[in-house]
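# Per-entry structural report
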Amino acid sequence: MTEFETIIYQKQNSIAHVTLNRPHALNAYNLRMRDELYQVLGAIRDDSEVRVAIFRGAGERAFCAGADLTEFLTAPSPIIARQARWERDVWGLFLSLTKPLIAAVHGYVLGSGIEIALCCDIRLASEEVQFGLPEPGLGIIPAAGGSQTLSRVIGGAKALEILLSGRWIKAEEAHRLKLVNRVVPRKELLAQAERLARKIAGFDPVVVSYAKQAIVRGLDLSLKQGLELEARLAHSIIPLH
Ligand code: COA
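Since the structure is predicted, the reported quantities are computational estimates derived from the model, not experimental observations.

Across its full length, the protein carries 11 helices and 11 strands. For the protein, the spread of C-alpha atoms along the principal axes amounts to about 60 × 40 × 40 Å. By residue count, 45% of the 241 residues in the protein fall in the buried class. Expressed as a percentage of contacts within the protein between residues at least 6 apart in sequence, the contacts between residues at least 24 apart total 69%. When the accessible surface of the protein is split by element, carbon and sulfur atoms take 58% of a total near 12,400 Å². One way to put it: in the protein the 29 positive side-chain charges average out to a point 4 Å from where the 26 negative ones average out.

Attention shifts here to the confidence of the model for the protein. Looking at the protein, the pLDDT average stands at 94 and 92% of residues meet or exceed 70. Ranking the helices and strands of the protein by mean pLDDT puts strand 6 (residues 101-105) first, with 99, and helix 3 (residues 78-88) last, with 65.

Here we come to the pattern of salt bridges. In the structure shown here, the tally under the stated rule is 15 salt bridges. With a closest N to O distance of 3.2 Å, Glu-172 and Arg-176 form a salt bridge. Residue Glu-172 and its partner Arg-176 are both found in helix 8 (residues 171-176); the two are separated by 4 residues, about one turn of the helix. Taking relative accessible area as the criterion, Glu-172 reaches 55% and is therefore assigned exposed. Notably, a salt bridge pairs Lys-224 with Glu-228, separated by 3.2 Å at the nearest N-O pair. Here the residue Lys-224 and the residue Glu-228 both occupy positions in helix 11 (residues 223-237), the gap between them amounting to 4 residues, near one helical turn. The class of Glu-228 is partly exposed, set by a relative accessible area of 39%. A cluster of three or more residues bridged by salt bridges with shared partners is formed by Lys-158, Glu-161, Arg-167 and Glu-173.

What follows covers the nonpolar core. Side chains of a nonpolar character, in soluble globular proteins, are inclined to be buried together. Residues Leu-37, Ile-44, Phe-55, Phe-63, Phe-94, Val-105 and Phe-131 are the most contacted members of the largest nonpolar core, which totals 48 residues. Residue contacts for Ile-44: discarding those within four places in its chain leaves Tyr-9, Ala-16, Val-18, Val-50, Ala-53, Phe-55, Leu-97, Lys-99 and Leu-101. Judged by nonpolar contacts, the second largest core, of 14 residues, contains Ile-54, Ile-102, Ile-200 and Val-208.

Overall, mixed pairing links the 4 strands, which are arranged 5-7-9-10 in an open sheet. At either margin of the open sheet sits one strand with a lone partner, and together these are strand 5 (62-64) and strand 10 (169-170). Sheet topology places strand 7 (residues 108-110) next to strand 9 (residues 130-132); 3 bridges connect them, and they run parallel. Bridging from a neighbouring strand, Tyr-108 pairs with Gln-130 of strand 9.

Now for the site of the ligand. The environment of the ligand is made up of 16 residues, and the closest members are Arg-61, Ala-65, Ala-67, Asp-68 and Leu-69. For the ligand, a nitrogen atom lies 2.9 Å from a polar atom in the backbone of Ala-65. Taking 860 Å² as the accessible area of the ligand by itself, protein coverage stands at 58%. For the shell around the ligand, the class distribution of residues is 11 nonpolar, 2 polar and 3 charged.

What counts and what doesn't
- Residues numbered from 1 in each chain as written.
- Predicted model: local features only at pLDDT ≥ 70, side-chain atom pairs only at ≥ 80, totals over all residues.
- Heavy atoms only, no water.
- Helix = DSSP H or I, 4+ residues; strand = E, 2+ residues; numbered from the N terminus.
- Buried < 20%, exposed > 50% of the residue type's maximum accessible area, 1.4 Å probe, protein only.
- Contact = heavy atoms within 4.5 Å.
- Areas by Shrake-Rupley, 256 points an atom, 1.4 Å probe, with all protein chains shown as cover.
- Lys, Arg positive; Asp, Glu negative; His and termini not counted.
- Charge placed at Lys NZ, Arg CZ, Asp CG, Glu CD.
- pLDDT = per-residue confidence, 0-100.
- Salt bridge = Lys/Arg side-chain N within 4 Å of Asp/Glu carboxyl O.
- Core = buried A, V, L, I, M, F, W, Y, C linked by side-chain atoms within 4.5 Å.
- Pairing = 2+ DSSP bridges.
- Near = heavy atom within 4 Å.
- Polar contact = N/O pair within 3.5 Å; in protein donor to acceptor, adjacent residues only side chain to side chain.
- Nonpolar A, V, L, I, M, F, W, Y, C, P; charged D, E, K, R; others polar.

Shown next, in the form of structure tokens:
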């Protein structure tokens, strides 16, 4: 286990557990968390023992209530703060990981909170979850991939409506929109995420990684290119396939 200030990173067997750990601030995403998340994502990528990762939030109230507004207001300028974020490219690293990532979200999932969940492949949510994108009301737009990832998951029109109206989404609607794969009682959230992670971790990691890549990379390709990608990946697992 590595010690961080804003994140708890634990490895149990082949499952990495990443807990956003600023419960006093509803796990708001600050610069320290950005730097630590970057290290954690690198560890998930590079550690061959890790086969799957689960992301969750500490405390009972939130997965993550978005960017830390106290930092946001004290940053030298929004442009410089955002420049720093891009240089670190946490989101590029997140989306490039070929191991399956599960988000187990509860409570407030706002701004960067939704964006972290959208960088994951499978989202489980507890019944009292609330999703929202408050950015336009703060005079900004999502910059952790959300404008691209949300629309790919729920479609452009719904993503626009949610972003532009500032409307918050509860569990039932999130499930209907396919923003989350499954809604579960709060007390079962982690157990269900772990059960799923164990199931995935039991398969051959190369097969799992290729299956993820076939689907995730394929979504950005034409059907013809996607089929070529699938063929290449399938052939490299079983050469005579
Ligand atoms: N950044 C920094 N601190 C935050 C935060 C954020 N994004 N969201 C919540 N907190 C802090 C609060 O300041 C408060 O701290 P305090 O106890 O020291 O006063 C603590 O977390 C609890 O939040 P509080 O606002 O008291 O809880 P609530 O139940 O009244 O409201 C929210 C919950 C989520 C509706 C409200 O905290 C909120 O609107 N947060 C900001 C969401 C946001 O705009 N995020 C930025 C997205 S880009």
